[in-house]
Every structure is written in structure tokens, then in C-alpha cells.
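Each chain, written out:
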Amino acid sequence: MTDDVRNIVLGVIAAGISACLGWLARTHLWRRRLRRKQAFFGLPGNSECLLVVNRFAGAEGSVHRHDTFALLELSALIKDCSAHARILSHDVAQQGFGERTEFCIGGPVSNQRMAAHLHSLLPGVKINTDPEPSPDRASFQVGPERYRLEPGVNEYVLLARLTGGQGARPVFLFCGQRAITNQAATRYLARNHEKLWRRHGNSSFCLLLKVTNSQAYGPDVVELVGDVTRAAQEPVPAPRTSHRATG
């Protein structure tokens, strides 16, 4: 074998080894990202999760189109984790939480399961559900802070990942002042789940997001107002009642 032939053979072998090592490295990184994603969402391969949907106001059994888009965002995440989804209406999802991952969409008026989750898991969150028009209609109160709805201008949504204990599967809440904010929250989760995992790991969290100028930009312009986990999980103190002595 001449030197030229030997150099060609060695070059081919080196190229093959480099290609194999590169493929192995990419596969390892892909599998690590997948395991991390599955752990964050509580969705191991071939597992089942619940998509709990609300009702469209004034239309029995139908879902608002923006909530439908939110379901599509979540369905893509679930498929990426090699898991399966079961869609349930909010008024038939009468079961506990922790056995299967749950994604719950909608505010407490249109989703009674969301109302139950807020009461049990986020007692520091109060939402104005008064149907009468007022400046505070649909406003959020998280601890001492109040966030008012300005339709199409500034709208708020809570994005929460909550667990009931060690080993329990998480519940994800998308509780917005309007349907378009629910879609904005699911899109925010889809785009930022790796960043959220690095910051929170598998712990519970509750984020307050603001959707800006949705009438022009739809659900795409989303700002993180803050991490409100502590305030949302602490019950609001009951107002003191004073009793005057009468004589």
C-alpha cells in the first residue's frame, strides 16, 4: 500500500469516527433534553395526561377559538414527550390530582375545576367574578396587589405549575382574564419551558404574565410581571370584625 492510499484510508476512517462521535453526542443531548422536558411536564413516554377545557360563555359545550389554539399549543408539547392526552370538559373532570399531569385552561367563571384549584392550591389569588360592569370586573388580586383588565390593551394571566407532593404529577394552570390570554400563556410555556426548568426545576411556581396590545399583536407580546408564587400560595387574611359594646 502506497503512502497516498494509506493516507486516504486513514482519512476516511477518521471521518467515519468523527461522524459517529458527532451522532452519538447529538443523540445524547437530544435524549437528555427529552428526559428533562418529560420530567418538567410529568410526562414519561406513553403516559396519559388530562386537558381540562372550559366552556365558551353563552354556548353550551363549545370552546372559544383562542382556547382551542391553546389546546393545540399544549398538544404539540405532549406529543414531543411521547405522551397522550385525554380532553375533558371542566364539569366532568371530577377526580383528584397528582396521578396524571393536568393542563387546566380558563378562568373560574367558565371553568369550575379551575375555581377549585385556585381555592385549594392558590388561596392568595382572588378574581373578581362579578358580572356587573365595573373597573374591577375580572381583575386579579394576588396578595395585596390588584391587576385590572384593560381589554385589548393590558390583560393578565396566571401561569402555574403546582404539585401536591413528592412524586406527584404536576397541574398546569392557565388562568387568564380573557381567552386570548390563555393562549398567550400556553405559547409562553412552549417557548420558555427550558428556561423555567433551569430556574424552578420540578418545584411549584406561579407566574403573572401581562399580554400587551392583543388587539394588534394577538397573543404574541407577553411580559413577565413577576414570580408571585409566595403571595399566591399564602391565604389572604380575613378582615377583622370589630364589635362595639352597647350599653
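Criteria and thresholds
- Residues numbered from 1 in each chain as written.
- Predicted model: local features only at pLDDT ≥ 70, side-chain atom pairs only at ≥ 80, totals over all residues.
- Heavy atoms only, no water.
- Helix = DSSP H or I, 4+ residues; strand = E, 2+ residues; numbered from the N terminus.
- Buried < 20%, exposed > 50% of the residue type's maximum accessible area, 1.4 Å probe, protein only.
- Areas by Shrake-Rupley, 256 points an atom, 1.4 Å probe, with all protein chains shown as cover.
- Core = buried A, V, L, I, M, F, W, Y, C linked by side-chain atoms within 4.5 Å.
- Contact = heavy atoms within 4.5 Å.
- Pairing = 2+ DSSP bridges.
- Axes fitted to C-alpha atoms, helices over the stretch in contact; angles between N-to-C directions.
- Disulfide = S-S within 2.5 Å.
- Expected span 1.5 Å × (residues − 1).

1. Observations regarding the overall build of the chain
Part 1 of the reasoning: Within the chain, the secondary structure is distributed over 6 helices and 10 strands.
Part 2 of the reasoning: The buried share of the chain, reckoned over its 247 residues, is 42%.
Part 3 of the reasoning: Of the roughly 14,100 Å² of accessible surface on the chain, a fraction of 52% belongs to carbon and sulfur atoms.

2. A short note on the nonpolar core
Part 1 of the reasoning: Membership of the largest hydrophobic core comes to 28 residues, with the highest contact counts inside it found for F41, L43, L74, F103, F174 and L189.
Part 2 of the reasoning: Elements with a minimum of two residues in this core: α1 (3–41), β1 (48–53), α2 (65–80), β3 (102–105), β7 (154–162), β8 (171–176), α4 (179–200) and β9 (205–212).
Part 3 of the reasoning: Among residues more than four places away in sequence, those in contact with L189 are F40, F41, L74, L77, L159, F172, F174 and L196.
Part 4 of the reasoning: Core analysis: the next-biggest nonpolar cluster, separate from the first, contains 24 residues, C104, A160, C175 and C206 among them.

3. Remarks on the sheet that holds strand β4 (residues 125–127)
Part 1 of the reasoning: Pairing is antiparallel in the open sheet, where 3 strands are placed in the order β4-β5-β6. In this open sheet, the two strands that pair with only one neighbour each are β4 and β6 (145–147). Averaged over all neighbouring strand pairs, the angle between strand axes comes to 20 degrees, with direction disregarded.
Part 2 of the reasoning: Pairing geometry for β4 and strand β5 (residues 140–142), over 3 bridges, is antiparallel. Within β5, the position partnered with K126 by the bridge is Q141.

4. Side note on the state of the cysteines
Part 1 of the reasoning: Applying the stated criterion to the full structure yields 0 disulfides.
Part 2 of the reasoning: No disulfide involves C81; its sulfur sits 8.8 Å from the nearest other cysteine sulfur, which is in C49.
Part 3 of the reasoning: C206 takes part in no disulfide bond, and the closest cysteine sulfur, belonging to C175, lies 9.0 Å away.
Part 4 of the reasoning: Judged by relative accessible area, C206 falls into the buried class, the value being 0%.

5. Looking at the environment of A179
Part 1 of the reasoning: Topologically, A179 is positioned in helix α4.
Part 2 of the reasoning: Residue A179 is classed as buried on the basis of its relative accessible area, which comes to 15%.
Part 3 of the reasoning: Considering only alpha carbons, one finds A179 and F69, 110 residues apart in sequence, at a separation of 9.8 Å.
Part 4 of the reasoning: For A179, the contacting residues outside a window of four places in its chain are H64, H66 and D67.

6. What about α2?
In an α-helix, one turn spans 3.6 residues, which is why side chains three or four residues apart end up on the same side.
Part 1 of the reasoning: With 16 residues, α2 ought to run about 22 Å at 1.5 Å a step, and its terminal C-alpha atoms sit 23 Å apart, in line with that.
Part 2 of the reasoning: Within two residues after α2, S82 carries a phi angle of roughly 60 degrees, on the positive side.

Scope: geometric values only; no functional claims are made or implied.
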